[in-house]
Amino acid sequence: MDGDRVEIDGGIMEGGGQILRVSTALSCLLGLPLRVRRIRAGRSQPGLRPQHLSGLEIIRDLCEGKLEGGEIGSTEITFTPGKIKGGTHIADTKTAGSVCLLMQVAMPCVLFAASPSELLLKGGTNAEMAPQIDYTVMVFKPIVEKFNFTFNCDIKKRGYYPQGGGEVVVQMSPVKELSPINLTERGTVTKIYGRAFVAGALPIKLAKDMSTAAVRCIRKEIRDLYINIQPVREPDDQAIGTGSGIIVVAETSTGCLLAGSSLGKRGKNPDKVGIEAAEILLRNLKHGGTVDDSLQDQLIIFMALAKGVSRVKSGPITLHTQTAIHFAEQLTKAKFTVTKSEEEDPSKDTYIIECQGMGMINSNL
(Lines give C-alpha, C1' and ligand atoms only; values in the text may rest on other atoms or scores of the structure.)
Protein backbone atom coordinates (compact mmCIF):
# COMPACT_ATOMS: atom_id res chain seq x y z
CA MET A 1 0.00 0.00 0.00
CA ASP A 2 1.15 3.49 -0.79
CA GLY A 3 0.36 5.34 2.45
CA ASP A 4 -3.05 3.85 3.08
CA ARG A 5 -3.91 3.22 -0.55
CA VAL A 6 -5.60 -0.15 -1.11
CA GLU A 7 -4.03 -2.11 -3.98
CA ILE A 8 -6.44 -3.93 -6.28
CA ASP A 9 -5.38 -6.42 -8.94
CA GLY A 10 -7.85 -5.90 -11.79
CA GLY A 11 -6.64 -8.96 -13.67
CA ILE A 12 -7.65 -11.76 -11.31
CA MET A 13 -10.80 -13.91 -11.33
CA GLU A 14 -13.40 -12.36 -13.67
CA GLY A 15 -10.69 -9.94 -14.83
CA GLY A 16 -13.13 -7.41 -16.29
CA GLY A 17 -14.97 -4.18 -15.57
CA GLN A 18 -16.84 -5.58 -12.60
CA ILE A 19 -13.72 -5.46 -10.39
CA LEU A 20 -13.47 -1.76 -11.18
CA ARG A 21 -17.17 -1.14 -10.41
CA VAL A 22 -17.23 -2.97 -7.07
CA SER A 23 -13.91 -1.63 -5.81
CA THR A 24 -14.43 2.03 -6.78
CA ALA A 25 -17.99 2.08 -5.37
CA LEU A 26 -16.70 0.67 -2.06
CA SER A 27 -13.71 3.03 -2.11
CA CYS A 28 -16.14 5.95 -2.49
CA LEU A 29 -18.42 4.66 0.30
CA LEU A 30 -15.67 3.83 2.77
CA GLY A 31 -13.37 6.78 1.99
CA LEU A 32 -10.56 4.39 1.04
CA PRO A 33 -7.99 5.64 -1.49
CA LEU A 34 -7.46 2.98 -4.15
CA ARG A 35 -5.05 1.92 -6.83
CA VAL A 36 -6.29 -0.54 -9.43
CA ARG A 37 -3.63 -2.14 -11.66
CA ARG A 38 -3.96 -4.50 -14.63
CA ILE A 39 -7.45 -3.17 -15.42
CA ARG A 40 -9.47 -5.67 -17.48
CA ALA A 41 -6.34 -7.75 -18.02
CA GLY A 42 -8.57 -10.73 -18.80
CA ARG A 43 -10.16 -9.04 -21.84
CA SER A 44 -9.18 -9.04 -25.51
CA GLN A 45 -8.89 -5.23 -25.37
CA PRO A 46 -7.47 -4.60 -21.89
CA GLY A 47 -7.72 -1.25 -20.10
CA LEU A 48 -10.56 1.23 -19.74
CA ARG A 49 -13.29 1.31 -22.40
CA PRO A 50 -15.63 4.34 -22.64
CA GLN A 51 -18.27 2.87 -20.32
CA HIS A 52 -15.71 2.06 -17.58
CA LEU A 53 -14.27 5.56 -17.82
CA SER A 54 -17.80 7.09 -17.58
CA GLY A 55 -18.43 4.96 -14.49
CA LEU A 56 -15.21 6.18 -12.86
CA GLU A 57 -16.02 9.78 -13.74
CA ILE A 58 -19.50 9.64 -12.23
CA ILE A 59 -18.08 8.17 -9.00
CA ARG A 60 -15.38 10.85 -8.94
CA ASP A 61 -18.02 13.58 -9.43
CA LEU A 62 -20.39 12.07 -6.85
CA CYS A 63 -17.80 12.43 -4.12
CA GLU A 64 -15.61 15.24 -5.49
CA GLY A 65 -12.79 12.75 -5.59
CA LYS A 66 -9.48 12.68 -7.50
CA LEU A 67 -8.92 10.28 -10.39
CA GLU A 68 -5.55 9.71 -12.04
CA GLY A 69 -5.04 7.52 -15.09
CA GLY A 70 -8.59 8.12 -16.28
CA GLU A 71 -8.27 7.76 -20.03
CA ILE A 72 -9.37 5.20 -22.61
CA GLY A 73 -6.99 2.23 -22.71
CA SER A 74 -5.43 3.02 -19.33
CA THR A 75 -4.61 -0.14 -17.34
CA GLU A 76 -3.94 1.58 -14.01
CA ILE A 77 -5.85 4.22 -12.06
CA THR A 78 -5.57 5.79 -8.65
CA PHE A 79 -8.67 7.12 -6.99
CA THR A 80 -8.95 9.30 -3.89
CA PRO A 81 -12.55 9.70 -2.73
CA GLY A 82 -14.05 12.78 -1.09
CA LYS A 83 -17.46 13.26 0.56
CA ILE A 84 -20.52 11.83 -1.23
CA LYS A 85 -22.99 14.50 -2.21
CA GLY A 86 -26.46 14.35 -3.72
CA GLY A 87 -27.77 16.47 -6.56
CA THR A 88 -27.75 15.86 -10.31
CA HIS A 89 -24.94 13.91 -11.96
CA ILE A 90 -24.51 13.07 -15.63
CA ALA A 91 -22.61 10.13 -17.12
CA ASP A 92 -22.39 9.74 -20.88
CA THR A 93 -20.53 6.81 -22.45
CA LYS A 94 -20.90 8.51 -25.89
CA THR A 95 -21.12 4.91 -27.20
CA ALA A 96 -23.49 1.97 -26.75
CA GLY A 97 -21.75 1.26 -23.41
CA SER A 98 -24.35 0.04 -20.93
CA VAL A 99 -26.30 2.55 -18.81
CA CYS A 100 -27.16 -0.38 -16.50
CA LEU A 101 -23.50 -0.86 -15.63
CA LEU A 102 -23.21 2.88 -14.89
CA MET A 103 -26.18 2.45 -12.57
CA GLN A 104 -24.50 -0.52 -10.87
CA VAL A 105 -21.46 1.52 -9.88
CA ALA A 106 -23.27 4.73 -8.85
CA MET A 107 -26.33 3.40 -7.03
CA PRO A 108 -24.69 2.07 -3.81
CA CYS A 109 -22.85 5.39 -3.43
CA VAL A 110 -25.83 7.73 -3.74
CA LEU A 111 -27.72 5.69 -1.14
CA PHE A 112 -25.26 7.08 1.39
CA ALA A 113 -25.21 10.66 0.11
CA ALA A 114 -26.32 13.66 2.16
CA SER A 115 -29.33 14.50 -0.02
CA PRO A 116 -31.43 13.04 -2.88
CA SER A 117 -29.70 12.35 -6.19
CA GLU A 118 -30.67 12.34 -9.82
CA LEU A 119 -28.45 10.40 -12.22
CA LEU A 120 -28.76 11.12 -15.92
CA LEU A 121 -27.17 8.13 -17.64
CA LYS A 122 -26.53 8.07 -21.39
CA GLY A 123 -25.42 5.17 -23.58
CA GLY A 124 -26.81 1.78 -24.56
CA THR A 125 -30.00 0.63 -22.83
CA ASN A 126 -29.96 -2.84 -24.37
CA ALA A 127 -26.32 -3.85 -24.76
CA GLU A 128 -24.49 -7.16 -25.10
CA MET A 129 -22.62 -8.43 -22.03
CA ALA A 130 -24.73 -6.35 -19.63
CA PRO A 131 -28.23 -6.47 -18.12
CA GLN A 132 -30.85 -4.93 -20.40
CA ILE A 133 -32.67 -1.89 -18.99
CA ASP A 134 -35.86 -3.98 -19.05
CA TYR A 135 -34.16 -6.49 -16.73
CA THR A 136 -33.07 -3.66 -14.42
CA VAL A 137 -36.64 -2.34 -14.15
CA MET A 138 -38.53 -5.67 -14.13
CA VAL A 139 -36.23 -7.86 -11.99
CA PHE A 140 -33.37 -5.98 -10.33
CA LYS A 141 -35.46 -3.05 -9.03
CA PRO A 142 -38.21 -4.96 -7.15
CA ILE A 143 -35.69 -7.36 -5.58
CA VAL A 144 -32.98 -4.86 -4.61
CA GLU A 145 -35.64 -2.64 -3.00
CA LYS A 146 -36.01 -5.42 -0.39
CA PHE A 147 -32.84 -3.93 1.17
CA ASN A 148 -35.20 -1.14 2.27
CA PHE A 149 -34.69 1.65 -0.24
CA THR A 150 -36.56 2.73 -3.35
CA PHE A 151 -35.54 4.34 -6.61
CA ASN A 152 -37.23 5.63 -9.69
CA CYS A 153 -35.94 4.66 -13.13
CA ASP A 154 -37.35 6.59 -16.06
CA ILE A 155 -36.41 5.39 -19.56
CA LYS A 156 -36.43 8.60 -21.64
CA LYS A 157 -34.86 7.09 -24.76
CA ARG A 158 -33.64 3.66 -25.72
CA GLY A 159 -30.27 3.38 -27.45
CA TYR A 160 -28.81 0.38 -29.28
CA TYR A 161 -25.49 -0.81 -30.59
CA PRO A 162 -23.44 0.71 -32.22
CA GLN A 163 -24.33 4.36 -31.55
CA GLY A 164 -26.05 4.18 -28.15
CA GLY A 165 -27.80 7.48 -27.46
CA GLY A 166 -30.18 6.04 -24.85
CA GLU A 167 -31.11 8.14 -21.82
CA VAL A 168 -32.23 6.92 -18.42
CA VAL A 169 -32.93 9.08 -15.38
CA VAL A 170 -32.54 7.47 -11.94
CA GLN A 171 -33.79 9.27 -8.84
CA MET A 172 -33.11 8.09 -5.33
CA SER A 173 -33.09 9.36 -1.78
CA PRO A 174 -30.41 8.46 0.74
CA VAL A 175 -31.00 5.97 3.57
CA LYS A 176 -29.60 5.71 7.10
CA GLU A 177 -28.70 2.03 6.64
CA LEU A 178 -29.65 -1.00 4.53
CA SER A 179 -31.69 -3.89 5.91
CA PRO A 180 -30.50 -7.45 5.26
CA ILE A 181 -32.51 -9.67 2.90
CA ASN A 182 -33.61 -13.27 3.21
CA LEU A 183 -34.39 -14.86 -0.15
CA THR A 184 -34.36 -18.57 0.55
CA GLU A 185 -37.87 -19.74 -0.40
CA ARG A 186 -38.49 -20.17 -4.11
CA GLY A 187 -42.20 -21.04 -3.92
CA THR A 188 -43.94 -22.07 -7.15
CA VAL A 189 -44.01 -20.20 -10.44
CA THR A 190 -47.32 -18.31 -10.64
CA LYS A 191 -46.91 -16.36 -13.87
CA ILE A 192 -44.61 -15.81 -16.81
CA TYR A 193 -44.60 -12.54 -18.72
CA GLY A 194 -42.28 -10.36 -20.74
CA ARG A 195 -41.75 -8.10 -23.70
CA ALA A 196 -40.30 -8.68 -27.15
CA PHE A 197 -39.31 -5.37 -28.73
CA VAL A 198 -38.20 -3.93 -32.04
CA ALA A 199 -37.05 -0.39 -32.75
CA GLY A 200 -35.94 1.67 -35.71
CA ALA A 201 -36.10 -0.01 -39.11
CA LEU A 202 -37.37 -3.39 -37.88
CA PRO A 203 -40.94 -4.64 -38.42
CA ILE A 204 -43.20 -5.66 -35.51
CA LYS A 205 -43.38 -9.15 -37.06
CA LEU A 206 -39.87 -9.79 -35.68
CA ALA A 207 -41.10 -9.08 -32.15
CA LYS A 208 -44.07 -11.40 -32.67
CA ASP A 209 -41.75 -14.15 -33.95
CA MET A 210 -39.45 -13.81 -30.92
CA SER A 211 -42.43 -13.91 -28.57
CA THR A 212 -44.05 -16.94 -30.26
CA ALA A 213 -40.79 -18.91 -30.28
CA ALA A 214 -40.17 -18.16 -26.58
CA VAL A 215 -43.70 -19.21 -25.59
CA ARG A 216 -43.40 -22.42 -27.62
CA CYS A 217 -40.10 -23.28 -25.95
CA ILE A 218 -41.41 -22.64 -22.40
CA ARG A 219 -44.60 -24.62 -23.12
CA LYS A 220 -42.54 -27.78 -23.61
CA GLU A 221 -41.54 -27.61 -19.93
CA ILE A 222 -44.38 -25.66 -18.30
CA ARG A 223 -47.78 -26.56 -19.70
CA ASP A 224 -50.44 -25.11 -17.46
CA LEU A 225 -49.42 -21.47 -17.00
CA TYR A 226 -50.63 -18.47 -18.95
CA ILE A 227 -47.61 -16.89 -20.66
CA ASN A 228 -47.92 -13.27 -21.70
CA ILE A 229 -45.01 -11.92 -23.76
CA GLN A 230 -46.05 -8.64 -25.38
CA PRO A 231 -44.62 -7.81 -28.81
CA VAL A 232 -43.78 -4.08 -28.78
CA ARG A 233 -42.55 -1.57 -31.30
CA GLU A 234 -40.63 1.17 -29.48
CA PRO A 235 -41.95 4.63 -30.47
CA ASP A 236 -39.57 6.34 -32.91
CA ASP A 237 -39.23 9.44 -30.72
CA GLN A 238 -38.15 7.23 -27.79
CA ALA A 239 -35.55 5.06 -29.51
CA ILE A 240 -32.25 5.89 -31.18
CA GLY A 241 -31.06 3.47 -33.86
CA THR A 242 -32.26 0.00 -34.69
CA GLY A 243 -32.46 -2.85 -32.21
CA SER A 244 -34.47 -5.83 -31.04
CA GLY A 245 -34.59 -8.20 -28.13
CA ILE A 246 -36.71 -10.02 -25.60
CA ILE A 247 -36.99 -10.52 -21.85
CA VAL A 248 -39.08 -13.22 -20.19
CA VAL A 249 -39.75 -13.10 -16.43
CA ALA A 250 -41.10 -15.79 -14.12
CA GLU A 251 -42.73 -14.65 -10.88
CA THR A 252 -43.18 -17.04 -7.96
CA SER A 253 -45.63 -17.36 -5.07
CA THR A 254 -42.99 -15.94 -2.68
CA GLY A 255 -42.26 -12.89 -4.83
CA CYS A 256 -39.08 -14.18 -6.49
CA LEU A 257 -38.37 -12.95 -10.01
CA LEU A 258 -36.15 -14.87 -12.43
CA ALA A 259 -35.56 -14.00 -16.06
CA GLY A 260 -34.00 -14.89 -19.36
CA SER A 261 -33.20 -12.34 -22.04
CA SER A 262 -31.57 -12.14 -25.44
CA LEU A 263 -30.75 -9.49 -28.04
CA GLY A 264 -31.35 -9.67 -31.76
CA LYS A 265 -28.62 -8.82 -34.21
CA ARG A 266 -28.23 -8.70 -37.94
CA GLY A 267 -28.43 -12.17 -39.47
CA LYS A 268 -29.75 -13.77 -36.27
CA ASN A 269 -33.07 -15.55 -36.70
CA PRO A 270 -35.77 -14.02 -34.41
CA ASP A 271 -36.93 -17.52 -33.39
CA LYS A 272 -33.42 -18.18 -32.13
CA VAL A 273 -33.47 -14.98 -30.06
CA GLY A 274 -36.78 -15.99 -28.44
CA ILE A 275 -35.63 -19.56 -27.77
CA GLU A 276 -32.35 -18.34 -26.26
CA ALA A 277 -34.19 -16.14 -23.72
CA ALA A 278 -36.65 -18.96 -22.90
CA GLU A 279 -33.82 -21.47 -22.39
CA ILE A 280 -31.97 -19.11 -20.04
CA LEU A 281 -35.17 -18.68 -18.01
CA LEU A 282 -35.82 -22.44 -17.89
CA ARG A 283 -32.23 -23.09 -16.82
CA ASN A 284 -32.65 -20.58 -13.99
CA LEU A 285 -35.93 -22.19 -12.93
CA LYS A 286 -34.36 -25.65 -12.92
CA HIS A 287 -31.74 -25.01 -10.19
CA GLY A 288 -34.35 -24.14 -7.56
CA GLY A 289 -32.66 -20.90 -6.41
CA THR A 290 -34.52 -17.66 -5.68
CA VAL A 291 -32.38 -15.48 -7.99
CA ASP A 292 -31.18 -15.95 -11.55
CA ASP A 293 -27.54 -15.84 -12.57
CA SER A 294 -27.74 -12.19 -13.70
CA LEU A 295 -29.01 -10.96 -10.34
CA GLN A 296 -26.71 -13.09 -8.18
CA ASP A 297 -23.61 -10.90 -8.45
CA GLN A 298 -25.56 -7.59 -8.42
CA LEU A 299 -26.82 -8.26 -4.87
CA ILE A 300 -23.37 -8.84 -3.34
CA ILE A 301 -22.40 -5.20 -2.71
CA PHE A 302 -25.77 -4.49 -1.02
CA MET A 303 -25.45 -7.62 1.16
CA ALA A 304 -21.96 -6.44 2.18
CA LEU A 305 -23.21 -2.97 3.14
CA ALA A 306 -26.40 -4.08 4.94
CA LYS A 307 -26.71 -4.35 8.71
CA GLY A 308 -27.21 -7.97 9.80
CA VAL A 309 -27.22 -11.33 8.04
CA SER A 310 -28.49 -11.67 4.47
CA ARG A 311 -29.20 -15.07 2.94
CA VAL A 312 -29.86 -15.79 -0.73
CA LYS A 313 -30.47 -19.16 -2.32
CA SER A 314 -28.97 -19.38 -5.79
CA GLY A 315 -28.00 -21.74 -8.54
CA PRO A 316 -24.33 -22.38 -9.38
CA ILE A 317 -22.15 -19.48 -8.22
CA THR A 318 -20.96 -17.48 -11.22
CA LEU A 319 -17.44 -16.16 -11.64
CA HIS A 320 -18.89 -12.62 -11.48
CA THR A 321 -20.36 -13.43 -8.06
CA GLN A 322 -17.14 -15.01 -6.78
CA THR A 323 -15.30 -11.88 -7.93
CA ALA A 324 -17.77 -9.50 -6.27
CA ILE A 325 -17.52 -11.47 -2.99
CA HIS A 326 -13.71 -11.45 -3.12
CA PHE A 327 -13.47 -7.66 -3.46
CA ALA A 328 -16.35 -6.93 -1.07
CA GLU A 329 -14.49 -8.95 1.58
CA GLN A 330 -11.17 -7.34 0.74
CA LEU A 331 -12.54 -3.82 1.19
CA THR A 332 -15.28 -4.12 3.83
CA LYS A 333 -15.62 -6.00 7.11
CA ALA A 334 -18.41 -8.10 5.59
CA LYS A 335 -18.01 -11.88 5.77
CA PHE A 336 -19.48 -14.20 3.15
CA THR A 337 -20.00 -17.95 3.23
CA VAL A 338 -21.25 -20.07 0.37
CA THR A 339 -22.61 -23.52 1.18
CA LYS A 340 -24.36 -26.20 -0.82
CA SER A 341 -28.07 -26.07 -0.02
CA GLU A 342 -28.93 -29.23 1.91
CA GLU A 343 -32.72 -29.38 1.75
CA GLU A 344 -32.82 -29.61 -2.05
CA ASP A 345 -32.73 -32.93 -3.78
CA PRO A 346 -29.01 -33.67 -4.25
CA SER A 347 -29.23 -33.55 -8.05
CA LYS A 348 -29.98 -29.81 -7.86
CA ASP A 349 -27.07 -27.41 -7.95
CA THR A 350 -28.31 -24.99 -5.28
CA TYR A 351 -26.29 -22.86 -2.87
CA ILE A 352 -26.89 -20.52 0.04
CA ILE A 353 -24.90 -17.27 -0.10
CA GLU A 354 -24.80 -15.89 3.42
CA CYS A 355 -23.32 -12.54 4.40
CA GLN A 356 -22.73 -10.89 7.73
CA GLY A 357 -22.96 -7.31 6.46
CA MET A 358 -20.69 -4.50 7.67
CA GLY A 359 -23.67 -2.36 8.70
CA MET A 360 -22.71 0.81 6.83
CA ILE A 361 -24.27 3.87 8.51
CA ASN A 362 -24.96 7.04 6.54
CA SER A 363 -23.18 9.65 8.66
CA ASN A 364 -24.74 12.43 6.58
CA LEU A 365 -28.26 11.76 7.87
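Predicted, not measured: the structure shown is a model, and the values here were computed from it.

### Side note on the overall build of the protein
Secondary structure assignment for the protein yields eight helices and 17 strands. Taken over C-alpha atoms, the radius of gyration comes to 20 Å for the protein, in line with the 21 Å a tight globule of 365 residues would show. Counting only C-alpha atoms, the protein reaches 60 × 50 × 40 Å along its principal axes. For the protein, the residues scored as buried account for 55% of the 365 residues in total.

### Some points on helix H2 (residues 50-62)
An ideal rise of 1.5 Å per residue puts 18 Å on 13 residues; H2 measures up with 18 Å between its terminal C-alpha atoms. Gln51, His52, Leu53, Ser54, Gly55, Leu56, Ile58, Ile59 and Leu62 are the residues of H2 that are buried. Each element contacted by the buried residues of H2 is listed here: helix H1 (17-30), strand S3 (66-68), strand S4 (77-80), strand S5 (87-92), helix H3 (99-110) and strand S6 (117-123).

### Digging into the sheet that holds strand S9 (residues 182-183)
Read across the open sheet, the four strands follow the order S9-S15-S17-S16; overall the sheet is mixed. Unpaired on one side and paired on the other, S9 and strand S16 (335-340) mark the two borders of the sheet. Relative to strand S17 (residues 351-356), strand S15 (residues 309-314) runs antiparallel, the two being bridged by six bridges. Paired with Val312 across the strands is Ile353, a residue of S17.

### Quick look at the UniProt feature "active site" (unreviewed entry) in the protein
Per the UniProt record, "active site" (unreviewed entry) is annotated on His320. Structurally, the position occupied by His320 is in helix H8 (residues 319-331). Excluding residues within four positions of it along the chain, His320 makes contact with Glu14, Gln18 and Asp297.

### Some remarks on the sheet that holds strand S7 (residues 151-159)
Taken together, five strands build an open sheet; the order of strands is S5-S6-S8-S7-S12 and the sheet is mixed. Looking along the sheet, the strands with just one partner apiece sit at the ends: S5 and strand S12 (239-240). Relative to strand S8 (residues 166-172), S6 is paired through seven bridges, and the arrangement is antiparallel. For Leu119, the partnering residue across the bridge sits in S8 and is Val170. Strand contacts of H2: S5 and S6, with the helix running at about 160° to S5, the strand carrying the most contacts. Each of S7 and S8 touches helix H4 (residues 133-144); the most contacted strand, S7, lies at about 175° to it.

### Observations regarding the environment of Thr88
Relative to the helices and strands, Thr88 is located in strand S5. With relative accessibility at 54%, the residue Thr88 sits in the exposed group. Along the primary structure Thr88 and Lys333 are separated by 245 residues, whereas in three dimensions their C-alpha atoms are 30 Å apart.

### Points about unusual backbone geometry
The amide bond that connects Tyr161 to the next residue, Pro162, takes the cis arrangement and shows omega of 5°. Among the structural elements, Pro162 can be located in the loop between S7 and S8. Of note in this structure, Met13 is not a glycine but carries a positive phi near 50°. In this fold, Met13 is placed in the loop between strand S1 (6-9) and H1. Here Met13 falls in the partly exposed class, since its relative accessible area comes to 36%. With a phi angle near 50°, Arg38 is a residue other than glycine that sits in the positive phi range. With respect to the element layout, Arg38 can be found in the loop between strand S2 (34-37) and H2. With a relative accessible area of 44%, Arg38 lands in the partly exposed category.

### Some details on the packing of H1 against H8
At a closest axis distance of 10 Å, the pairing of H1 and H8 adopts a crossing angle of 25°. Classified by the angle their axes make, H1 and H8 are roughly parallel. You can see that H1 and H8 cross each other, and the crossing is right-handed. Across from Gln18, Ile19, Val22, Ser23, Leu26 and Leu30 in H1, the residues of H8 making contact are His320, Thr323, Ala324, Phe327, Ala328 and Leu331. Grouping the amino acids of the contact of H1 with H8 by side-chain chemistry returns eight nonpolar, four polar and no charged.

### Here's the deal with helix H5 (residues 204-221)
Because each turn of an α-helix spans 3.6 residues, side chains separated by three or four positions end up pointing in the same direction. For H5, built from 18 residues, the straight-helix expectation of 26 Å at 1.5 Å per residue is met to within 8% by its first-to-last C-alpha distance of 27 Å. Among the residues making up H5, those that are buried are Ala207, Met210, Ser211, Ala213, Ala214, Cys217 and Ile218. Taken around the axis of H5, the buried residues stretch over an arc of 165°, which confines them to a single face. Residues of H5 that are exposed and point over 90 degrees away from its buried face: Lys205 and Lys220. Along its buried surface, H5 packs onto strand S10 (189-199), strand S11 (227-233), strand S13 (243-252) and helix H6 (270-286).

Definitions and limits used
- Residues numbered from 1 in each chain as written.
- Predicted model: local features only at pLDDT ≥ 70, side-chain atom pairs only at ≥ 80, totals over all residues.
- Heavy atoms only, no water.
- Helix = DSSP H or I, 4+ residues; strand = E, 2+ residues; numbered from the N terminus.
- Rg over C-alpha atoms; globule rule 2.2 N^0.38 Å.
- Buried < 20%, exposed > 50% of the residue type's maximum accessible area, 1.4 Å probe, protein only.
- Expected span 1.5 Å × (residues − 1).
- Contact = heavy atoms within 4.5 Å.
- Pairing = 2+ DSSP bridges.
- UniProt positions renumbered as here; feature names shortened; annotations may be inferred.
- Axes fitted to C-alpha atoms, helices over the stretch in contact; angles between N-to-C directions.
- Parallel < 35°, antiparallel > 145°, perpendicular 65-115°, else oblique.
- Left-handed = near helix turned anticlockwise from the far one by under 90°.
- Nonpolar A, V, L, I, M, F, W, Y, C, P; charged D, E, K, R; others polar.
- Arc of directions from axis to C-beta.

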